[in-house]
Amino acid sequence: MKNRLDSIKKQLHAQSYKLTPQREATVLVLLEHESAHLSAEDVYLLVKEKAPEIGLATVYRTLELLTELEVVDKINFGDGVSRFDLRKEGASHSHHHLVCIECGAVDEIQEDLLGDVEAVIENKYRFSVKDHRLTFHGICHRHSEKEGATEQNEENEQMQV
Ligand SMILES: [Zn+2]
Ligand SMILES: [Zn+2]
Ligand SMILES: [Zn+2]
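The numbering scheme is per chain: residues are counted from 1 as the chain's sequence reads. The naming scheme follows written order: chains are lettered A onward, ligands numbered 1 onward. Residue-level local features of this predicted model are given only where pLDDT is at least 70; pairs of side-chain atoms are given and counted only at 80 or more, and the full residue set underlies all totals for whole chains, interfaces and linings.

Going by what an unreviewed UniProt entry lists, the protein chain is known as Fur family transcriptional regulator, ferric uptake regulator and is assigned to Shouchella lonarensis. UniProt positions are given in the numbering used here, feature names are shortened, and annotations may be inferred rather than shown by experiment. The protein chain has a UniProt comment under Sequence similarities (unreviewed entry) that states "Belongs to the Fur family."

Notes on the overall build of the protein chain
Helix numbers and strand numbers start at the N terminus; a helix is a DSSP run of H or I with at least 4 residues, a strand a run of E with at least 2. Across its full length, the protein chain holds 6 helices and 6 strands. If you list the helices and strands of the protein chain from N to C, you get α-α-β-α-α-β-β-β-β-α-β-α. To assign burial, the other C-beta atoms lying within 10 Å of each residue's own C-beta are counted, with C-beta atoms placed from the backbone; 20 or more indicates buried, 12 or fewer indicates exposed, and intermediate counts indicate partly exposed. By residue count, 14% of the 161 residues in the protein chain fall in the buried class. Contacts are defined on C-beta atoms placed from the backbone: any two residues whose C-beta positions lie within 7 Å are in contact. Within the protein chain, contacts between residues separated by at least 24 positions form 53% of all contacts whose residues are at least 6 apart in sequence.

Describing the UniProt feature "binding site: Zn(2+)" (unreviewed entry) in the protein chain
The sites that carry the UniProt feature "binding site: Zn(2+)" (unreviewed entry) are, in the present numbering, Cys100, Cys103 and Cys140. A stretch of 41 residues holds the annotated residues, and the largest C-alpha distance among them is 8.2 Å, short enough that they meet in one place. The residues contacting Cys100, other than those within four sequence positions of it, are Ala105, Gly138, Ile139 and Cys140. Here Cys103 is to be found in the loop between β4 (96-100) and β5 (106-109).

If you want it as structure tokens, here you go:
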């Protein structure tokens, strides 16, 4: 985590920003809750535990700055809430999300997988792809075991008939 913090510090310095204690506390919260997809309010409540003097406006500004510098991605899963997601180190494009319509779990796909699609968009549509947001809505693996078991039972029943 120290390394990630250092490299984020360098990213800020490269664009003439300092990692102030408030910014550092915000980045730490994002690192500690890496795959939690926190809203600004969630981040604020967690930052407050580290830096009680910090205000919501400062946290908002920090999150906007980190978004601008592409340290974090601002994402929206269709519920109207902006969530902040750390970009993986060295990733030039956003990662993808799998949102479960049954239990609300949000899983991440770190592989880009879009090389062919991006090539078509670049060549056929003459559009230079810089980034993308891709969210899949469906039923996650946590339910497949149960469903698999039901299918198995149905098969058994049919065999008995
Ligand atoms: Zn994510
Ligand atoms: Zn991509
Ligand atoms: Zn689920």
